[in-house]
Amino acid sequence: MLTSLETPALLLDLSMMERNLARMAVFFEGRPARLRPHYKNHKCPMLAHRQLAAGAIGITCATLREADALIRHGITNILIANEIAGALKIRHFVELTRRADVILAIDNPETVCELAAAAKAQRVIPNVVVDIDVGQGRCGVQPGEPALALARQAIESGLGFRGLMGHEGHAGRLQPGPDKERVVCRAMEKLTASSSLIRANGIAVEIVSAGKTGTYSLSGRYPGVTEIQAGSYLVMDTGYQTVCPDFDLALSVLTTVISRTGNERIIVDAGLKSISAERGMPTLRCPGGARLRKLNAEHGTIDILDPGLPVAVGDQIEIWAHYSDGTINLHERMYGVRNGCVEEILPLEG
């Protein structure tokens, strides 16, 4: 039972998670684009294996540490959808290529030169995708000729050019509707036009990777896109669900009431060290008569709205995660729960 857990404890509703897993898998059945889920969201090797078993072609991650964790757990088809820099990380990536099919995003000539030199010294051929800025204004080379030039440099330097990726993160939090569709369409047009240009110059493009949970149903249908990097769909949080209602909330933090001040407030033993509030205030799973008002380092302040609220010191309260990535990153394990009982313990790594 949940009462056996030391709080604060990170809970994953297994029934909701499995429903989300199945819904995303059904979407990709029979489509040209496939799913390559993003590990940075849940950081759980056991969940990554379930995504693969449900049809995913591989796993996306953001860091070398995450790639290391995946390889240790037998997952060997990995896209690091992020740039790296510096000799230490370059050597680390080259070492990873000896152990698995790991692909790295690149967006500048300097990294290509450093990567090629390290690879030559170790006699390996690292795989890369050229990262294209499709409108987010973060990492990525410009579409078109700059992307072609970087792909050529990668090949001439002895790297294994596998294709392109673009991240339409600027569209992910837009509300569903025509405006969002237009933004995603413009982003995918930049990505796929660059792919066509590179192919027209005699270079094979195997991968055209894009997408996220908030855009999966648009990017995943766009002609020429081969894979989608959705992540948050599996556990879902209250912040993301406002723009992507396709998936059920599955992630919460279990807390214990440690103080009650009359009919004014109650205090729980979970604060900013166990649940993220950087993108908005989390909410109570069963909010009747109360509202979470504030999070400090180790305390959560809940205002009592109903004087008859039957909550006492020692009772447990669940708080929905508002930002799943930030919340999961604060924990070492999730407790898989079904019908109020702990069914399994899910270690987090990376």
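Residues numbered from 1 in each chain as written. Predicted model: local features only at pLDDT ≥ 70, side-chain atom pairs only at ≥ 80, totals over all residues. Heavy atoms only, no water.

Student: Outline the overall build of the protein chain, listing residues and values.
Tutor: Each helix and strand in the protein chain was counted, giving twelve helices and 17 strands. Computed over the C-alpha atoms, the radius of gyration of the protein chain is 22 Å, within 12% of the 20 Å expected from 2.2 N^0.38 for a compact globule of 350 residues. If one aligns the C-alpha atoms of the protein chain with their principal axes, the spans along those axes are about 75 × 45 × 35 Å. A total of 350 residues make up the protein chain; the buried ones form 56% of that total. Taking the intrachain contacts of the protein chain between residues at least 6 apart in sequence as the baseline, contacts between residues at least 24 apart amount to 67%. Where the 37 positive side-chain charges of the protein chain centre and where its 38 negative ones centre are 2 Å apart. (Helix = DSSP H or I, 4+ residues; strand = E, 2+ residues; numbered from the N terminus. Rg over C-alpha atoms; globule rule 2.2 N^0.38 Å. Buried < 20%, exposed > 50% of the residue type's maximum accessible area, 1.4 Å probe, protein only. Contact = heavy atoms within 4.5 Å. Lys, Arg positive; Asp, Glu negative; His and termini not counted. Charge placed at Lys NZ, Arg CZ, Asp CG, Glu CD.)

Student: Any chance you could break down the layout of surface pockets for me, citing the residues and the numbers?
Tutor: The computed volume of the largest pocket comes to approximately 750 Å³. Lining the largest pocket are 33 residues, with His 38, Lys 40, Arg 138, His 167 and Lys 212 sitting closest to its centre. Looking at the lining of the largest pocket, the elements with two or more residues in it are α2 (39-42) and β6 (127-132). For the lining of the largest pocket, a count of residues per class yields nine nonpolar, 13 polar and eleven charged. Here the second largest pocket is characterised by a volume of approximately 220 Å³. Lining of the second largest pocket is provided by 13 residues; of these, Arg 285, Cys 286, Gln 316, Ile 317 and Glu 318 occupy positions nearest its centre. Tallying contributions element by element places strand β15 (residues 316-320) first for the lining of the second largest pocket, with three residues. A breakdown of the residues in the lining of the second largest pocket according to their chemical character gives nine nonpolar, two polar and two charged. (1 Å grid on protein atoms, 1.4 Å probe; cavity = no way out; pocket = protein on both sides within 12 Å on 5 of 7 lines; lining within 4 Å. Points joined across faces, edges and corners; volume = space filled by probe spheres on them. Nonpolar A, V, L, I, M, F, W, Y, C, P; charged D, E, K, R; others polar.)

Student: Summarise the pattern of salt bridges; cite the residues concerned and give the values.
Tutor: This structure, assessed with the given rule, holds 20 salt bridges. Between Glu 227 and Arg 36 there is a salt bridge, with its nearest N and O atoms 2.8 Å apart. One end of the pair, Glu 227, is in strand β9 (residues 227-228); the other, Arg 36, is in the loop between β2 (34-35) and α2, and 191 residues separate them in sequence. For the pair Glu 227 and Arg 36, a shared accessibility class is recorded, and that class is buried. Arg 265 is the partner of Glu 264 in a salt bridge, and the nearest nitrogen-oxygen pair spans 3.5 Å. (Salt bridge = Lys/Arg side-chain N within 4 Å of Asp/Glu carboxyl O.)

Student: Quick rundown of the side chain of Asp 13? Include the residues and the values.
Tutor: Note on placement: Asp 13 falls in strand β1 (residues 9-13). With a relative accessible area of 15%, Asp 13 lands in the buried category. Within polar-contact distance, the side chain of Asp 13 engages the side chain of Arg 285 at 3.3 Å. The residues contacting Asp 13, other than those within four sequence positions of it, are Ala 250, Arg 285 and Val 337. (Polar contact = N/O pair within 3.5 Å; in protein donor to acceptor, adjacent residues only side chain to side chain.)

Student: If you had to explain the pairing of β6 to someone new, which residues and values would you point to?
Tutor: Of all six residues that make up β6, six are buried, and the element is covered over most of its length. Burial of β6 is two-sided: the residues Asn 127, Val 129 and Asp 131 facing one way and the residues Val 128, Val 130 and Ile 132 facing the other way are all buried. Handedness of the crossover joining strand β5 (residues 101-106) and β6 through helix α6 (residues 109-122): right-handed. Crossover β6 to strand β7 (residues 160-166) through helix α7 (residues 145-156) is right-handed. (Right-handed = clockwise from strand over helix to strand, strands pointing away.)

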